[in-house]
Each structure stands twice: as structure tokens, then as C-alpha cells.
Amino acid sequence: MENNSQTTTSEEFTRPQGAFGQPKGLFTLFFTEFWERFSYYGMRAILVYYLYALTTAHNPGLGLAKTQAMAIVSIYGALVYLSSVVGGWIADRLLGASRTIMIGAVFIMCGHIALAIPAGLPALFVSITLIVIGTGMLKPNVSNMVGHLYSKTDSRRDTGFNIFYVGINAGALLAPIVVGTVGQSYNYHVGFSLAAIGMLAALFFYYFGRMRTFPDIGREPGNPLKGNERTRFALIFIAAIIVLVAIIFWIHAVSGSAFIDNLINFLSYVAIAVPVLYFIRMFASKEVDSLERNKLGAYIPLFLSAIVFWAIEEQSSSVIAVWGETRTNLHPIWLGLHLTIDPSWYQLLNPLFIIVLTPIVVRIWNKLVDRQPSTIVKFGLGLILTGASYMIMMAPGLISGTSGRTSALWLVLMFAVQMSGELLVSPVGLSVSTKLAPRAFQSQLIAMWFLSDATSQAINAQIVQFFNKHTEIAFFGIVGLVGVIVGIILLFIKNPMNKLMGDVR
Ligand code: GLU
Ligand code: ASP
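So, here's what we can say about the structure.

What counts, and at which threshold
- Residues numbered from 1 in each chain as written.
- Chains lettered and ligands numbered in written order.
- Predicted model: local features only at pLDDT ≥ 70, side-chain atom pairs only at ≥ 80, totals over all residues.
- Heavy atoms only, no water.
- Phe/Tyr/Trp six-rings, centres within 6.5 Å; stacked < 30°, edge-to-face > 60°.
- Helix = DSSP H or I, 4+ residues; strand = E, 2+ residues; numbered from the N terminus.
- Buried < 20%, exposed > 50% of the residue type's maximum accessible area, 1.4 Å probe, protein only.
- Lys NZ or Arg CZ within 6 Å of the ring centre and 35° of its normal.
- Near = heavy atom within 4 Å.
- Polar contact = N/O pair within 3.5 Å; in protein donor to acceptor, adjacent residues only side chain to side chain.
- Areas by Shrake-Rupley, 256 points an atom, 1.4 Å probe, with all protein chains shown as cover.

Observations concerning the packing of aromatic side chains
Consideration 1: Overall, the coordinates contain 25 aromatic pairs when judged by the stated rule.
Consideration 2: When the ring of Trp35 is compared with that of Phe38, the centres are 5.2 Å apart and the planes differ by 75°; the resulting orientation is edge-to-face. Remark: Phe38 and Trp35 occur in helix 2 (residues 24–52); sequence separation between them is three residues, near one turn of the helix.
Consideration 3: Look at Phe38 and you get buried, because its relative accessible area is 4%.
Consideration 4: Where Tyr49 meets Tyr52, the ring centres are 6.1 Å apart and the plane angle is 80°; that geometry is what we call edge-to-face. Of the two residues, Tyr49 and Tyr52 are both situated in helix 2; the distance of three residues between them amounts to about one turn of the helix.
Consideration 5: Residue class for Tyr52 comes out buried when judged on its relative accessible area of 10%.
Consideration 6: In textbook terms, an aromatic cluster arises when at least three aromatic residues are bridged by ring pairs, as seen for Phe27, Phe30, Phe31, Phe204, Phe205, Tyr207 and Phe208.
Consideration 7: Against the face of Tyr52 rests Lys66, its NZ or CZ located 4.9 Å from the ring centre.
Consideration 8: Above the plane of the ring of Phe233 lies Arg232, whose end atom (NZ or CZ) is 5.1 Å from the centre.

As for the site of ligand 1
Consideration 1: With respect to spatial proximity, the complete set of residues near ligand 1 consists of Arg37, Tyr41, Tyr81, Lys139, Ile168, Trp310, Trp449, Phe450 and Asp453.
Consideration 2: Separating an oxygen atom of ligand 1 from a side-chain N or O atom of Lys139 is a distance of 2.5 Å.
Consideration 3: Separating an oxygen atom of ligand 1 from a side-chain N or O atom of Asp453 is a distance of 2.6 Å.
Consideration 4: When the free accessible area of ligand 1 is taken as 300 Å², the share hidden by the protein chains comes to 95%.
Consideration 5: Elements with a contribution of two residues or more to the shell around ligand 1: helix 2 and helix 17 (445–463).

Spatial relationships are all this shows, so hold off on functional conclusions.
Encoded structure:
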């Protein structure tokens, strides 16, 4: 994804140009990602409910089993981030980031339109395919472009990424309120069509904003395919599609009614295998020297702990969504007011806490300057908090059993603790991925970071199926404990890890 034209022209964008002294291009990318995430998290806020809801007079659901619905949501999330590897490659070698983003946006929009049509499971499969391809083309390249707005030494870079991260979460915050409310209390398909409209807004902001605010960035591929490579890659691409389609048909032929479950299992293996192959390729590459190999070695424990972190975080739209609908009191009386809660609203707690806590965390880092804890320590603490957030969720079951309903405030507490953890892992992990990358693989690192999320959800597709009200306490306890233990291990190995990482903190 490294792009020559991007690096050479970025200098002119280092002058203060827009709000907060940031390059104007940041706000084009901010609003593009705001609307794209609005559509994605809007769809995610209602997806699991749509999958397992039974059709009522007003609102058609697919009526799948809850376990299968949760597994589909997970594997879908895995594929969305897995495809960023392909999206990054297309930008870098074929189309340039800008065109890739635009085509991706159209794919995503069509994907949401497909779900807006009440056509059951076939529409779902079409939608998932389009959104997986589209998000892979858009998301890593938008994030990458943010980096290209600044020179490597520009001190506004980190703040720029923080502002961008708030944009992501602002979109994710609005989504459950709009798409969630309409989808759940009125009609799922109308909800999905609002997601499509959000994506149209993203396309609009990107199309008109990019010409005005960064006309030269991302126009050409940084490392375009040479003549003979074109034929080779075209053949590899066609062969890969044929093999994939053949495998899917084969799974269909041998599975009968277990087709969806077997497809999920197959895709889980793929999403787990891809990062393994990636690491092997980087370690084996002649272009990686021994110092870089050390850094890569240090990246492995971070990558593995990121998988555990994302596994818990991403269960918000499967396990936590189901828990919210089935186990919380949806008609509480708070401060004398009789309220009715749409369970999809619980999804707004994650982005809300991110937005509230980000300025606090940024202030703390700015105050500490060089006395900031190292990345390993931040990750360690982040994982302990994330694991603890799940262990807290054992409490309602332990206190009053798992068959009744309890207060939604448990979720507020869980998200508050978990998001404090997220801020120690997610932005830090993105930044350290760029710093630990061997030079020959620089351009693929954002994709690498998204792979940790992909793999986590591939694992989730398997484990969420164990969640139900009988296993609730054990489920939260075991998964939470894994998070806490991984966090403690990171704190224990901080010294050798810091040594391996060399100058990277
Ligand atoms: N929740 C963030 C987003 O949607 C983070 C995703 C990730 O880094 O895996 O952009
Ligand atoms: N915190 C997530 C992210 O940074 C958003 C969410 O899960 O709603 O985008």
C-alpha cells in the first residue's frame, strides 16, 4: 500500500490547513469513515437479531438458531477484516488507493441494498460477499491514507489518528440509534436500507472531498504490476476464485442441511491459516535482516494477545447482543421514568465510551511524554481490563441466576471497563504495527493489524456457539480469565520483549 506519489506529495500537506491545525484531507477521510462505519455498525447492530428473529406480522426475521446466528455474525466479521489483505494489495499494485476506495464504497452500498430487499438467505449471502469485498477495498486504504497526510516526523500525526479514531466511533455511535431503532422496532429491511444511505453519504464525502483536499494522494498504485506479472497474477486470481467456488460447491454437495455450519468451519480455518502463512513468509524472506527479524519476533506475542482482545471486543455484536436481548430488563424505570430499550442500543456503549475516554487517555500520554509505559505494558494492562470486563459479567448470573432478567447497568459497567482496555490496545497496536514492520513489508502492515481482528472472529465463530443461559457464567468466566492471564503474561515478559523491540517502545 506504500505509494510513491503519496510519500512525495505529503510534504505539502504538513502545513496547518484545516480545523485543529490538521490537514484538510483528514476531515474528508474522517467523514468518509464516519459514514462507512455508520453503515457497518448499523448493520451489525441488528444483524444477529434479524438472523434469529421469527417473522412477525410487521417484521420478517430469518428464524435461524441463535448459535448459528452468532457464528454467522462472527465469521462475517472475520471475512470483512481478512479481505483487507486483498484490498491493500489492489491499491498498492493495481488501482491506487483512491480508486480502490471508491469501488469498495460502491460494493458496500450494493451489499446493504441487497439486505434491504426482503429476499431471505440468498440476499444475505450476496450482501455478505459484496460487503466483505467492499470493506476490504475501503477500510485499510482509508486508514493508510490518513498516514500519508503527514510526513513521518510530523508531530500532528498521532493526534490526527486519534481524531480519525473518534470519527470511526462517532459513526458507530449514531448507527445503533438510527439503524438499530428503525430496524428493530419497525422493519429490519428498512434498517438495512438506512445503512445503504449512510454508505452513499460516505461515497459522496469521499468523491467530492478528495479532489479538494488531497488531489494527488493515492491516485496511482505505489508499486504497479509489471507486464509479465499481470498475466501471472491474473491467472493466480482466476485459479483462486475457481478453487474457492469449487470448495464451496463441494461443501454444499457433501453437507446437506449442515452446509452453513460446515462453511463456517471451513472459513474459520482459512482465517486462522492466513496470518500464520503471512508470518512464515515474512520470517523466511531474504529481504528481512536479523534486527527486523527480532522485531517481528516481538510482534508475535502482541499479535496473539490482540487476537484475545478482539475476540472479547467483537463478541459485543454476537454474545453480548444476545445477552442484552434475553437477560436485561428492557422496560426499566430509571429516575421515575418508564423506559423501553431496543437491545440494539447496547451497541452504542462501546463507541460512546471510546469517545468519552479518548481525550482523557490522550491527555495522560501527553503529560507523561517519555515516562509513558511501553507498548507491552499498555497491552498487558489493556488485556487485564478487557478480561476483567468479562469476569464482571459473571456477577449477574451468580447473584440472581441466569434464567431471569437483570439490570442493563451491568452492560454499562462492562463496556466502561472494556473500553478503557480498548484504548490501551487498539490505537497502540495499530501504531506499533507500523513501527515493528520489516521495511519490505511496510505497506502491508495495516492489513496485518486487521488480520488479528479477523482471526479473533474466526475463533469466535467456533466458541460463541457454546454460549447460552446454562453456560453463561462459565463462558464469561473462562473467556475473561484467558484475557487476564494473557495480560499478566505480557507484564511478566516485558523486559525481554522490550529488548527484542530495540528502539521501538
Ligand atoms: N472498531 C474499530 C473499527 O471499526 C477497530 C477495528 C480494528 O482495528 O480491527 O475501525
Ligand atoms: N470501538 C469500535 C471501533 O473502534 C467501534 C464499535 O465496536 O462500535 O471502531
